[in-house]
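Commentary on secondary and tertiary structure
This is what each chain is made of:
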Amino acid sequence: DLLVQRIRRQISQTQQQTSFRGPLRVIRFCILGILLPCLICVIVLYMRYRVYTEQMYPLAVSDMRILDNRVSTTWCQRQLIKANATFNAFLLPKTPQLEPDTKHLTMVRHLILEDDTKEYWGFYLLKGSTVTISTCVR
């Protein structure tokens, strides 16, 4: 009698397992076939258009800047640099090394400012740079 009960339990368990196989396959298909690809697409689009978005850098005539902040090697097809003046841009295989000798740069600017007008100039200088400013007011 005990053996018959065990056999009936095993038969009922296998029947329950086979009755759940269809719905489990549908659920597995929905997760692996629909939700997972949608999640991957959302993550990829978020990274492309939010994390690695277009960046703007304010530059002055004498600036030397490394433009490597948030550049993706996966999404980067090109670096587009726009300016309202001529400039030189270089693509280097690694971070450049500083030379011990200094370079002198002279800028002459003639400005006419109206009353209570202020003009801000920002410069990105390398560590150890020195700046000399001389003005003439008429």
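A few points on the structure.

When you go through the chain residue by residue, the secondary structure sums to one helix and zero strands. Across the 138 residues that make up the chain, the buried fraction comes to 2%. Partitioning the contacts of the chain with sequence separation of at least 6, the portion at a separation of at least 24 is 44%. On the chain, roughly 14,500 Å² of surface is accessible, and the fraction owed to carbon and sulfur atoms is 58%.

As a further point, take a nonpolar patch on the surface. Residues L24, I27, F29, I31, L32, I34, L35, L36, L39, I40, I43 and V44 make up a contiguous nonpolar surface patch of about 1,100 Å² in total accessible area. Considering the arrangement of structural elements, one finds I34 in helix 1 (residues 2-51). Look at I34 and you get partly exposed, because its relative accessible area is 41%.

Next up on the list: the environment of M107. Counting through the fold element by element, M107 comes out in the segment after helix 1. Taking the relative accessible area as the measure of exposure, M107 reaches 28% and is therefore partly exposed.

Right, let's get into the state of the cysteines. Going through the model one piece at a time under the given rule, you end up with zero disulfides. Cysteine C41 remains unbridged, with the sulfur of C38 as its closest cysteine sulfur at 6.5 Å. Overall, the relative accessible area of 47% leaves C41 in the partly exposed class.

About the thresholds
Residues numbered from 1 in each chain as written. Predicted model: local features only at pLDDT ≥ 70, side-chain atom pairs only at ≥ 80, totals over all residues. Heavy atoms only, no water. Helix = DSSP H or I, 4+ residues; strand = E, 2+ residues; numbered from the N terminus. Buried < 20%, exposed > 50% of the residue type's maximum accessible area, 1.4 Å probe, protein only. Contact = heavy atoms within 4.5 Å. Areas by Shrake-Rupley, 256 points an atom, 1.4 Å probe, with all protein chains shown as cover. Patch = residues over 30% accessible without salt bridge, like charges linked within 9 Å, V, L, I, M, F, W, Y side chains within 5 Å. Salt bridge = Lys/Arg side-chain N within 4 Å of Asp/Glu carboxyl O. Disulfide = S-S within 2.5 Å.

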